[in-house]
Each structure stands twice: as C-alpha cells, then as structure tokens.
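Summary of structural features
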Amino acid sequence: MLSLIGLAITFFLAVILWGKRHKANADYVLLIWLLLIGVHLGFYYSVASGKYLQFPYLLGVEIPLPLAYGPLLYLYTSELTRLTHRRRYRLLHFVPLVLAYLYIIPFYVLTPARKIWVYQHEGEGFRERQLLLLCAIVLSGVSYALASWLRLQRHRKRIDAQFSNTEKINLAWLRYLIAGISVIWLTIFLDNEAYIFGAVVTFVCFIGYFGIRQTGIFTDQSRLAWEEGNAPTDGASASLTAEAAESEEPVTGVGNAAQDTAVKSKYARSGLSQGVALLIYENLETLMVRERLFTDPELTLVQLSEKLGTNANHLSQVINMVGNKSFYDYVNALRIAEFTRIAGLPENQKYTLLHLALECGFNSKTSFNRNFRKHTGLSPSEFLAQQNIHLQ
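Residues numbered from 1 in each chain as written. Predicted model: local features only at pLDDT ≥ 70, side-chain atom pairs only at ≥ 80, totals over all residues. Heavy atoms only, no water.

1. Quick notes on empty space enclosed by the protein
A probe as big as a water molecule, rolled over the atoms, marks out the empty space that is left. To be explicit about the condition: Residues are called lining when one of their atoms sits within 4 Å of a cavity or pocket point, these points coming from a 1 Å grid over the protein atoms alone, where a cavity is a set in which a 1.4 Å probe fits but cannot get out and a pocket is an open set with protein on both sides within 12 Å along at least five of seven lines. Grid points are joined across faces, edges and corners, and a volume is the space filled by probe spheres set on the points.
Across all of its chains, the model carries two cavities of 30 Å³ or more by this definition. By volume, the second largest cavity amounts to about 30 Å³. In terms of lining, the second largest cavity is formed by S164, N165, N332, R335, G361, F362, N363 and S367.

2. Observations concerning helix α18 (residues 365-376)
Worth spelling out the cut-off: In this text, helices come from DSSP runs of H or I with a minimum length of four residues, and strands from runs of E with a minimum of two, each type numbered from the N-terminal end. The span expected for a helix works out to 1.5 Å for each residue beyond the first. Each residue's exposure class comes from its accessible area (1.4 Å probe, protein chains only) as a fraction of the maximum for that residue type: buried when under 20%, exposed when over 50%, partly exposed otherwise. Our arc is simply the arc of the directions from the helix axis toward the C-beta atoms. We call two residues contacting when some pair of their heavy atoms lies within 4.5 Å.
End to end, α18 covers 16 Å across 12 residues, agreeing with the expected 16 Å (1.5 Å per residue, within 8%). Burial in α18 covers these residues: S367, F368, N371 and F372. Angularly, the buried residues of α18 cover 125° about the axis, an arc narrow enough to put them on a single face. The outward face of α18, more than 90 degrees from its buried face, is lined by the exposed residues T366 and K374. Here the buried face of α18 lies against α16 (327-342), α17 (353-359) and α19 (380-386). G377 sits one or two positions beyond α18 and adopts a positive phi of about 80°.

3. Here we look at the environment of T300
With respect to the helices and strands, T300 occurs in the loop between α13 (274-291) and α14 (301-308). On the basis of relative accessible area, T300 is assigned to the buried category, the value being 14%. Distance from T300 to D160, taken between C-alpha atoms, is 9.8 Å for residues 140 residues apart in sequence. Filtering out sequence-adjacent residues up to four positions away, T300 remains in contact with Q162, F163 and F327.

4. Side note on the environment of T352
Heads up, the rule is: For this analysis, a polar contact is any N or O atom pair within 3.5 Å, provided that within protein one partner can donate a hydrogen and the other can accept it, and provided that sequence-adjacent residues contribute only side-chain to side-chain pairs.
Within the secondary structure, T352 is located in the loop between α16 and α17. By relative accessible area, T352 is classed as partly exposed at 36%. Between the C-alpha atoms of T352 and Q392, which are 40 residues apart in sequence, the distance is 4.6 Å. Not counting residues within four places of it along the chain, the set of residues in contact with T352 comprises L391 and Q392. Reaching out from T352, the side chain makes a polar contact with the backbone nitrogen of H355 at a distance of 3.1 Å.

5. Quick word on the packing of aromatic side chains
Here is the rule we go by: Pairing of aromatic rings covers Phe, Tyr and Trp, the last counted by its six-membered ring, and requires centre-to-centre distances within 6.5 Å; plane angles under 30 degrees mean stacked, over 60 mean edge-to-face, and any other angle means tilted. Only when the NZ of Lys or the CZ of Arg is both within 6 Å of the ring centre and within 35 degrees of the ring normal is a charge said to sit over the ring.
For the structure shown, the criterion picks out 12 aromatic pairs. Look at F107 and Y119: their rings are 6.0 Å apart centre to centre, the planes differ by 40°, and that puts the pair in the tilted class. Linking F107 in helix α5 (residues 105-108) with Y119 in helix α6 (residues 112-120), this pair joins segments that are 12 residues apart in sequence. F107 gets classed as buried once you look at its relative accessible area, which sits at 5%. Taking 5.8 Å as the distance between ring centres and 90° as the angle between the ring planes, the aromatic pair formed by F339 and F372 counts as edge-to-face. With F339 in helix α16 and F372 in helix α18, this residue pair connects regions lying 33 residues apart in the sequence. The same class applies to F339 as to F372, namely buried. Between R129 and the ring centre of Y103, over which it is positioned, the NZ or CZ distance is 4.7 Å.

Geometry only, nothing functional implied.
Here it is, written out as structure tokens:
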C-alpha cells in the first residue's frame, strides 16, 4: 500500500511538473529525479508484492539507482541557485552509477530462476558486492548532500550581496530537503525497506510541493555578471576626483582583524582605491538619507548602483569594506534605524507595529522580527517596552 501511494504521488507530481509552463533547467532535473524515484518505487512494489516472479529478467535493475540521487540533488541545487558551471561535464557525476551496473553484471547474466533464488535468499553469493554497493551509495549520498549544502550557503551569501529582500529567493526549503535526503541515507543502516521507502514517499511529497511552486530567482542573468568578476569597470567611479584616485591604499572596514584580512583577500585584485571607495560610500549615505531608497522592499544592488552612477561590483566592495556589511545587512540596518526613529513619534502611535515596519521597507513581519533582533539584540516588543512606546 505504501509503495502504491508513493507511486501515485510521484507520477502525479511528475505530470504536474511536465505541464508547468516556462520550465527552467531545474524543473527538468526535478522531473528526471521524480521519474527515477517512481521507477525505483515500482521495483520495490514488485518485490514486496511478489510480482517480480512474473518478470525476473528485470531483477537487480533497481539496486544501483540510489547512486543517481546524490548527483541529481547536487545538479538540482546548482540549477536553482544558478551556480552551475561546465555543464558539459554534468554526466560525469553519473559515472559511479554506470560502474555499479558493470560491477553487478555477474548477477545479470544468471538465469531467471537463479536470480529469483538469490533474491529469496537475501543476496546469497553476492553479499560482498551488496555491502560494497551499500557503502558506495551512502558515501555518494552524504558527499553530494554536503556539496549541495555548501552550494546553498554560497547562494545565500550571493543574494545577501545583491538583494535587500531575500525571503522569496533564499531557498530555505532546500535546506530541509538536503537534511531530509541525508536522513534517508541514514535509514539505510536500519536495513528495513519499509522505513526506507516510507521516508522516500515523504521526501517525494516535500520535494514535489516546493519544487513545483518554486519560481525563478534571477530573471536577468546578465545583471549578475559582476558577481563572477566579469563586470566592466565603470569609468565614472574610477575617476570621481583626482585626489581620490591618487590614493592606492586598499580600503578596510572597522571590523576585527580576521574579517579585515578576509575582505582584503577577497578584493586583492580590485583597482578601487581608498579615496574612491570612501567617496562612493559618502555618496551612498547621502543618497540613502535624501531619497530613502531603503523603504523600497525590492531594492537591489544593481538598482542602487545605477542611482549612484557606479557599477554593482564596486558598490558591493565598498559596502563590504567601508560599511563592513553585506548589502542585505546594510539596507536592513537602515530600515531598523528608521523604525526606531518613527516608532517614537507621537503621530505614529495610532499605527500598528507591522504598519510601521512595512513603511520602513520590510515586506513581512517575519523578516522584520528576524532583522530587528539581529541588529539590536532585542525583539520589537522588548524594544518598545524599554522605550515606553505604545503602538496599536
């Protein structure tokens, strides 16, 4: 019953995903993944129900399939985060899967009757190969889960450098997906197929729901060229003033020595001088105060750099090194400062906390609460109580 439910859900989600309009590369990876899981569940059902006796020539096809799940998770994460490089080498991730099939050829060449006997006697005669394949499957799964996690962390840092609102694009759900598939690898050691495939069915529901509703993160990839170091140097920012250009000292922030060293290393090849960087930051502060750009919930680094007449690469460097913050933290710190200012004004006591938070540029109560505690060490209600401020 469990495997039949899993089969129905898996292929239902695959059909929905196939019918999705404007599919991205990540959708195709997910579609292949769902179909593969569906095939695997089908084989499990045939063995659990005894129907494999009707087609013994297919026995063993399902054994190496888990070696495909780790690479598919990694490729799916890479496509969602747009951190995929050298796509022509993607098939190399599936070499272990091919090798595994070659490794168990001695089983495939058995007669149908002998194959059935081996299955009925829990792999008799092939247990060493079974154990080796099991170790390879777990090693592959854990390795690719870790690689996917690291890729997701890199994605988080990248969007923090470009967007002031990351709630819809931070792929937080993907962290749970990676953790979930890691749990599945661990359940393999329980040596209980009911538990393993029960976890797989739950995993399918999770990945299907979030994968289908996931929208594109970066709609204009050309605007992200700066992040890969390909942005053209902006002549305007390189020649703001003659005096600024004379200074060749790299600019550093006010953070601790370890942070400064890391930042210096990151921008070691940058041609941005101390004077130019300080001037850009001064212009940035002036612009933010004058036009209150931080109140735009969808403000991005590219939009802000266009306002300043510099390129996004340089602006990101200035915010990192002079402001000692990511773009995300810099903008949200301004929003928090604005909230603390306007919350105490008598004319604003008639408004709710959420209303004022939205006025300052936050797009949700969750985002506001998280950032407020991050920047002040207090929850909004604790801050208001300390300041004896009463909002509606």
